[in-house]
Amino acid sequence: MTTASTPTTGRNRARVGVQRFGTFLSGMIMPNIAAFIAWGFITMLFISAGWLGGWYPVANLLGGFGDAATIGWQGAMTALAQSEDGATFTTYVGLVGPMVTYLLPLLIANTGGRMVYGERGGVVATIATMGVIVGTNIPMFLGAMIMGPLAAWVTKQMDRLWDGKIRPGFEMLVNNFSAGILGMLLAIFGFFAFGPVMLGISEFLGGIVEWLVGAKLLPLLSIIVEPAKVLFLNNAINHGVFTPLGIQQATEAGKSILFLIEANPGPGLGLLLAFTFFGVGAAKASAPGAAIIQFLGGIHEIYFPYALSKPLTILALIAGGATGVTTNMIFGGGLSFPAAPGSIIAVTAAALTPEAGGVGNLLVVYLSVILAAAVTFLITGVILRASRGRDLAAEAEASASFEAAIAQTEANKGKSSETLANLRAGAASNQGVGGGQAPVQADLAADSIATGAVGATKTVKTIVFACDAGMGSSAMGASVLRNKIKKAGVDDVSVTNKAIANLDGSEDLVITQQQLTDRARGRTPEALHVSVDNFMNSPKYDEVVDMVVDQHKNRG
């Protein structure tokens with residue numbers, strides 16, 4: 001089956017381009033979130049003010065404080081430190097400082113390098129970023145996010161110079177020495193030139209944040225953040241922008257408000273609760289389950305389709321987000337490390353740390369979540385109530401208007417066709433399940449109409465759920481469909497999840513949310529593509545299962 005979509009408009013191309021760039025930024029952070037969480041817990045437990053800060057001498061060794069001569073632990077790395085009275089003594093380096101200074105930036109750089117040029121790019125990116133790190137005196141996350149991909153790109157261009165020109169037997173020698181020499185040069189460049197520039201940029205951006213806080217303007221960021229989130233730029237905003245700046249802020253102040261600007265689960269919870277009470281049709285039926293997954297599971301993408309179905313509710317999200325930011329700004333709320341995913345459980349762990357303020361800080365953060373949810377709920381409720389009559393009428397008329405459009409197409413064409421018959425059957429099927437989205441038959445048939453080609457149905461052996469990061473919402477969707485296929489007695493169809501950027505053409509069927517389908521098609525044009533409104537409980541899953549089961553029967 002040919003699966004090309006309708007011609008992409010300039011607006012869609014721009015949206016896809018922005019999403020692709022945002023995915024690249026977040027793609028350097030998301031795979032390393034576990035390392036950020038590990039650093040956050042080690043900090044929370046073992047620094048001198050931590051929960052286990054009095055556990056002598058374990059906390060001293062791991063947290064990096066205390067007089068090494070007094071403790072007497074042999075073999076651990078030490079450094080010179082200065083006491084309050086100016087006396088110099090030897091202390092343990094510990095884990096907290098080296099992890100935030102070296103480990104996390106180098107992981108980011110290596111990931112960015114691999115994204116550009118595989119393992120070779122990752123190695124050179126790591127070497128080059130080491131020069132940036134030791135050339136500055138702050139955690140160099142922004143520098144790693146720029147130098148890593150840049151170093152890999154330079155490596156790629158260098159390899160093109162002698163591609164196919166190396167004499168047989170000298171490949172390993174040339175490859176290793178060229179990468180080593182280039183890495184050395186880039187590390188030196190990073191130390192003397194790139195590092196100081198990035199230090200200035202970091203200080204400039206930090207100054208902007210401080211100015212916004214001082215001028216009480218930080219809530220205005222919600223005007224940009226909330227609309228961008230529902231366009232699936234949430235990971236790019238949170239992990240590409242706020243996380244690097246927030247980590248730097250947290251190392252200095254113990255916590256950062258930036259970790260909560262995008263990750264606050266309050267606005268999404270308020271939106272979904274409003275759809276639960278005031279929505280209609282499938283949106284009303286699915287909203288309660290979506291609210292639980294969003295609030296406890298931290299998968300914010302699950303509420304984006306609800307907002308997109310009623311674009312005016314984005315105003316409610318902006319108001320709720322601004323309310324949460326204002327609350328944290330006034331009362332000093334913040335997190336000590338990124339809450340990823342943006343679950344209330346992760347938020348609680350990052351807000352409760354001693355360096356963030358303990359229980360007092362946690363109460364402030366909870367208040368920001370509650371108020372953000374309440375404001376979003378109230379405004380969304382008003383919007384949904386105002387349009388309830390029109391929504392009910394539109395739902396009743398949708399299937400009739402779609403049938404009329406099919407009939408008009410047949411009249412214009414002068415005859416019926418199998419493709420149009422599939423669309424008509426799909427409309428009836430969708431009406432039966434009460435969903436507001438075109439069924440699988442319509443997805444595949446519409447693609448055929450767009451290209452004027454109808455091909456044989458592709459045998460489905462590999463199904464992939466693809467989302468922006470490949471870790472949250474897509475994993476949930478894959479789990480749901482995997483269970484359905486297993487219950488249908490099919491055991492030789494693989495159902496997995498990936499980031500869209502990692503689609504490699506081996507997929508038979510790719511399932512994405514509607515806003516991301518164009519990007520997925522660009523990566524895997526030969527695969528079948530199915531768009532859904534919601535990964536949690538789309539009626540299309542049953543249709544996919546039926547298609548797979550029918551294929552098994554035909555092969556059997």
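Please refer to the structure higher up on the page.
The model shown is predicted, which means the values in this text are computed figures rather than measured ones.

Draft legend 1. Structural view of a nonpolar patch on the surface. Together, Tyr102, Met130, Val134, Phe170, Leu173, Phe177, Ile181, Met184, Leu185, Ile188, Phe191 and Phe192 give the surface a local cluster of nonpolar side chains, amounting to about 1200 Å² of exposed area. For the nonpolar patch, the secondary-structure elements that each account for two or more residues are helix H5 (96-134) and helix H7 (171-214). For the nonpolar patch, the element with the highest residue contribution is H7, accounting for 8 residues. Here Phe177 is to be found in helix H7. The exposed category is assigned to Phe177, whose relative accessible area is 54%.

Draft legend 2. View of the sheet that holds strand E6 (residues 528-532). Here 4 strands make up an open sheet; going across it, the order is E4-E3-E5-E6 and the pairing parallel. The open sheet has two free edges, formed respectively by strand E4 (494-499) and E6, since each of these has just one partner strand. Strand-to-strand twist across the sheet, computed as the mean angle between neighbouring axes with direction ignored, equals 25°. Examined bridge by bridge, strand E5 (residues 509-513) and E6 share 5 bridges and lie parallel to one another. Note on E6: the bridge partner recorded for Val510 is His529. Running over the sheet, helix H18 (residues 473-487) touches strand E3 (462-467), E4 and E5 and is turned about 175° from E4.

Draft legend 3. Focus on the packing of aromatic side chains. Scanning all chains against the criterion turns up 10 aromatic pairs. Arranged with centres 6.1 Å apart and planes meeting at 85°, the rings of Phe277 and Phe377 form a pair that is edge-to-face. Of the two residues, Phe277 sits in helix H9 (residues 266-278) while Phe377 sits in helix H14 (residues 358-386), which places them 100 residues apart along the sequence. Judged by relative accessible area, Phe377 falls into the partly exposed class, the value being 23%. Here the aromatic rings of Phe278 and Phe377 are separated by 5.9 Å at their centres, their planes lie at 40°, and the arrangement is tilted. One end of the pair, Phe278, is in helix H9; the other, Phe377, is in helix H14, and 99 residues separate them in sequence. For Phe278, a relative accessible area of 24% translates into the label partly exposed. Through successive ring pairs, a cluster of aromatic residues spans Phe277, Phe278 and Phe377.

Draft legend 4. Inspection of the packing of helix H6 (residues 141-161) against helix H8 (residues 222-253) at higher detail. As a packed pair, H6 and H8 sit with axes 8 Å apart at the nearest point and diverge in direction by 140°. Between H6 and H8, the interaxial angle falls into the category oblique. Residues Phe141, Leu142 and Met145 of H6 form the contact with H8, whose participating residues are His239, Gly240, Pro244, Leu245 and Ile247. Here the contact of H6 with H8 is composed, by residue class, of 6 nonpolar, 2 polar and no charged.

Conventions and cut-offs
Residues numbered from 1 in each chain as written. Predicted model: local features only at pLDDT ≥ 70, side-chain atom pairs only at ≥ 80, totals over all residues. Heavy atoms only, no water. Patch = residues over 30% accessible without salt bridge, like charges linked within 9 Å, V, L, I, M, F, W, Y side chains within 5 Å. Areas by Shrake-Rupley, 256 points an atom, 1.4 Å probe, with all protein chains shown as cover. Salt bridge = Lys/Arg side-chain N within 4 Å of Asp/Glu carboxyl O. Helix = DSSP H or I, 4+ residues; strand = E, 2+ residues; numbered from the N terminus. Buried < 20%, exposed > 50% of the residue type's maximum accessible area, 1.4 Å probe, protein only. Pairing = 2+ DSSP bridges. Axes fitted to C-alpha atoms, helices over the stretch in contact; angles between N-to-C directions. Contact = heavy atoms within 4.5 Å. Phe/Tyr/Trp six-rings, centres within 6.5 Å; stacked < 30°, edge-to-face > 60°. Parallel < 35°, antiparallel > 145°, perpendicular 65-115°, else oblique. Nonpolar A, V, L, I, M, F, W, Y, C, P; charged D, E, K, R; others polar.

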